[in-house]
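If you want the building blocks of each chain, they are given just below.
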Amino acid sequence: AEITDAQPVGRDSGNGQSPFFLAFLVNITGLVGGATIFLLVRGAADRLEERGLRPFQMGMWTVRLLIGLVVALILAAAELWVAFGLLSVEHESSTAQVYLFVALAMWAAMSVTMVLTVAFGPAGIGIAAVLNVILGLVCSGGTTLVGALPPFYQDYANWLSLRYGIDGLRSLLFYDGSLDAASLESGWRDSLWFLGGGGGYEAADLEDAVWMISVYLVGAVLLGYLISLLR
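Residues numbered from 1 in each chain as written. Predicted model: local features only at pLDDT ≥ 70, side-chain atom pairs only at ≥ 80, totals over all residues. Heavy atoms only, no water.

Visitor: I'd like a rundown of the nonpolar core, residues and numbers included.
Guide: Counting 56 residues, the largest nonpolar core has Phe 84, Val 98, Phe 101, Val 102, Met 106 and Leu 169 as its most contacted members. Listed by contribution, the elements that provide at least two residues to this core are helix H1 (18–50), helix H2 (57–86), helix H3 (95–120), helix H4 (123–139), helix H5 (151–157), helix H6 (161–174) and helix H8 (206–230). The greatest single-element share of this core, amounting to 13 residues, is contributed by H3. (Core = buried A, V, L, I, M, F, W, Y, C linked by side-chain atoms within 4.5 Å. Buried < 20%, exposed > 50% of the residue type's maximum accessible area, 1.4 Å probe, protein only. Helix = DSSP H or I, 4+ residues; strand = E, 2+ residues; numbered from the N terminus.)

Visitor: Requested: an account of the pattern of salt bridges, with residues and values cited.
Guide: Counting across every chain of the model gives two salt bridges. Across the pair Asp 167 and Arg 163 runs a salt bridge whose closest N-O atoms are separated by 2.8 Å. With Asp 167 and Arg 163 both in helix H6, this residue pair falls four residues apart, about one helical turn. You can call Asp 167 buried: its relative accessible area is 15%. Under the relative-accessibility criterion, Arg 163 is labelled buried at 2%. Between Arg 170 and Asp 167 there is a salt bridge, with the nearest N and O atoms lying 3.3 Å from each other. Here Arg 170 and its partner Asp 167 are both found in helix H6, three residues apart, which amounts to about one turn of the helix. (Salt bridge = Lys/Arg side-chain N within 4 Å of Asp/Glu carboxyl O.)

Now the structure itself:
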């Protein structure tokens, strides 16, 4: 066989797997961080109720979102400091661009975990672990090409935030991707493939990654407020 490297990678790229490793850390951080924030805020609310004060559910959800944002900004910086500063992981885009994307993906992962815990209680942590982490390892396209997976896993990959995190980081680390590429004209249109436009997994790139992760974030935020309002 004659093999040609379409995009050669350096020695500090994890054999081309650094986007998967970074995105998986983002996903794990989102799961653990979201679960921790949910439990801490609920514990604080219980202590207030013991004093005769009953916090509003919508206020609690707002507090969770703000804490999640701060934690995501801090942990995204820590993750990239280890990756780029200590391990010298190869990256073509600027550190600032990668940081913004990682922080967005981490905040989205935390928000999805938190909205599941708000909806189902502590059981939501297990649901998030199964949907985003366990199935994510199989369907994300990080270790196995999505096109090589069975049909069910290919379909699930289209809905998996981890898969878009990997696609976005792959573009940023290896293809000099720019967050300016997230244009309304193409990224937003392609992210609505499930309404009949676009080709699903084969169309994913940085634009789709930014828009789909943003859809996850906005959807989780709005759903959390809706659940809080109903309660």
